[in-house]
Amino acid sequence: MRTTNVQDQVLRAALDLFSTRGYATTSVQEIVAAAGVTKGAMYHYFASKDDLLFAIYDRLLSLQKARLDEIVATGAQRGDGVEDVLRAVCVDVISTSIEFLPEGTVFTRSQHMLMPERQAEVKRRRREYHEEFEALLRRGIQEGAFRDDVPTAMLIAHFFSDVHYLSQWYSSEGPLTAGQVAEQLTELFLRGIRAAASEDSGKD
């Protein structure tokens, strides 16, 4: 999503203040002062703090859904196996969540303060992502690649709980790169959902 310089300045200032001071205790005046713009300039793009909080997370939501659609479409064109497609999806959602970790962390802490219609919009868009993710799981189950003894809703909750927990422990100064974290968490997830036959076929 392309933005103007003013939009970027305001969003960066809001993200920094929401993460350090908290959403509820940050005023619009503090945001525009930190951004170096007037209230009028901010209100040209954002009607309220509510709009700012939603916009911060919207970038991540939009990016991840677009990447998901692209990965699934490319996999279908190439005839990739379902596990290869799901692997690429998992690595991508973990990698982008790390790339936008401040945005995700601020939103997780403050999403309950969004207006009800905004909360409903977030839930709807997350559900769209999860439904496409679930479609890959169901395809894998039907093809015998993934286990069928655990409800797909539980598999989805298991994977995304790891994604949402990243803000509690991941550090760019840690021993693992973002790419390594994405690959390792993805492999742990895939090992847990593979059908027994698929696991056995991969052994020597």
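Residues numbered from 1 in each chain as written. Predicted model: local features only at pLDDT ≥ 70, side-chain atom pairs only at ≥ 80, totals over all residues. Heavy atoms only, no water.

1. Regarding the overall build of the chain
- Each helix and strand counted, the chain has 11 helices and 0 strands in total.
- When its helices and strands are written in sequence order, the chain yields α-α-α-α-α-α-α-α-α-α-α.
- With respect to the principal axes defined by its C-alpha atoms, the chain has extents near 65 × 35 × 30 Å.
- Going through the 204 residues of the chain one by one, you find that 42% of them count as buried.
- Sequence separation of 24 or more characterises 71% of the internal contacts of the chain that already satisfy a separation of 6 or more.
- Surface accessibility of the chain: about 11100 Å² in total, with carbon and sulfur atoms responsible for 51%.
- If you average the places of the 23 positive and of the 30 negative side-chain charges in the chain, the two averages end up 5 Å apart. (Helix = DSSP H or I, 4+ residues; strand = E, 2+ residues; numbered from the N terminus. Buried < 20%, exposed > 50% of the residue type's maximum accessible area, 1.4 Å probe, protein only. Contact = heavy atoms within 4.5 Å. Areas by Shrake-Rupley, 256 points an atom, 1.4 Å probe, with all protein chains shown as cover. Lys, Arg positive; Asp, Glu negative; His and termini not counted. Charge placed at Lys NZ, Arg CZ, Asp CG, Glu CD.)

2. Side note on the packing of helix H5 (residues 82-99) against helix H10 (residues 178-193)
- The contact between H5 and H10 brings their axes to 9 Å, and the two run at 140°. Looking at the two axes, H5 sits oblique to H10. Here H5 and H10 pass one another in a crossing that is right-handed. On the side of H5, the interface is formed by Glu 83, Leu 86, Arg 87, Cys 90, Val 91, Ile 94, Ser 95 and Ile 98, while H10 contributes Ala 178, Val 181, Ala 182, Glu 183, Leu 185, Thr 186, Glu 187, Phe 189, Leu 190 and Ile 193.
- For the contact of H5 with H10, the residue count by class is 12 nonpolar, 2 polar and 4 charged. (Axes fitted to C-alpha atoms, helices over the stretch in contact; angles between N-to-C directions. Parallel < 35°, antiparallel > 145°, perpendicular 65-115°, else oblique. Left-handed = near helix turned anticlockwise from the far one by under 90°. Nonpolar A, V, L, I, M, F, W, Y, C, P; charged D, E, K, R; others polar.)

3. Let's talk about the layout of surface pockets
- Taken as a whole, the largest pocket holds about 420 Å³ of empty space.
- Around the largest pocket, the lining comprises 24 residues; the ones closest to its centre are Tyr 57, Leu 60, Gln 64, Arg 126 and His 164.
- For the lining of the largest pocket, the elements supplying multiple residues, two or more each, are helix H4 (49-78), H5, helix H6 (101-110), helix H7 (116-142), helix H8 (152-164) and helix H9 (166-169).
- Tallying contributions element by element places H4 first for the lining of the largest pocket, with 6 residues.
- Class assignment of the residues belonging to the lining of the largest pocket gives a composition of 10 nonpolar, 10 polar and 4 charged. (1 Å grid on protein atoms, 1.4 Å probe; cavity = no way out; pocket = protein on both sides within 12 Å on 5 of 7 lines; lining within 4 Å. Points joined across faces, edges and corners; volume = space filled by probe spheres on them.)

4. A word on H4
- Its 30 residues give H4 an end-to-end C-alpha distance of 44 Å, which sits within 8% of 44 Å, the value for a rise of 1.5 Å per residue.
- The largest bend in H4 comes to about 30°, at Tyr 57.
- Measuring from the side-chain oxygen of the N-cap residue of H4 to the backbone nitrogen of Asp 50 gives 3.3 Å; that N-cap residue is Ser 48.
- After H4 finishes, the residue Gly 79 shows a positive phi value of roughly 75°. (Expected span 1.5 Å × (residues − 1). Bend = angle between axes of the 7 residues up to and from the residue. Polar contact = N/O pair within 3.5 Å; in protein donor to acceptor, adjacent residues only side chain to side chain.)

5. Here's the deal with the packing of aromatic side chains
- As enumerated under the stated definition, the model contains 9 aromatic pairs in all.
- Ring geometry for Phe 133 and Phe 159: centres 5.4 Å apart, planes at 20°, overall stacked. Of the two residues, Phe 133 sits in helix H7 while Phe 159 sits in helix H8, which places them 26 residues apart along the sequence. Across the pair, Phe 159 and Phe 133 agree in class, each one buried.
- Of the aromatic side chains, those joined through ring pairs into one cluster are Tyr 129, Phe 133, Phe 159, Phe 160 and Phe 189.
- Here the basic side chain of Lys 49 rests over the ring of Tyr 23, its NZ or CZ set 4.5 Å away from the ring centre.
- Sitting above the plane of the Phe 54 ring, Arg 118 keeps its charged end 4.3 Å from the centroid. (Phe/Tyr/Trp six-rings, centres within 6.5 Å; stacked < 30°, edge-to-face > 60°. Lys NZ or Arg CZ within 6 Å of the ring centre and 35° of its normal.)

6. Looking at H6
- H6 sits mainly inside the fold: 7 of its 10 residues count as buried.
- For H6, the complete set of buried residues consists of Leu 101, Glu 103, Gly 104, Thr 105, Val 106, Phe 107 and Ser 110.
- In this fold, the buried residues of H6 make contact with helix H1 (5-20), H4, H5, H7 and H9.

7. Here's the deal with the packing of H4 against H6
- The contact between H4 and H6 brings their axes to 9 Å, and the two run at 135°. In terms of orientation, H4 lies oblique with respect to H6. By crossing handedness, the relation of H4 to H6 is classed as left-handed. Of the residues in H6, those touching H4 at Leu 53, Ile 56 and Tyr 57 are Glu 103, Gly 104, Val 106, Phe 107 and Ser 110.

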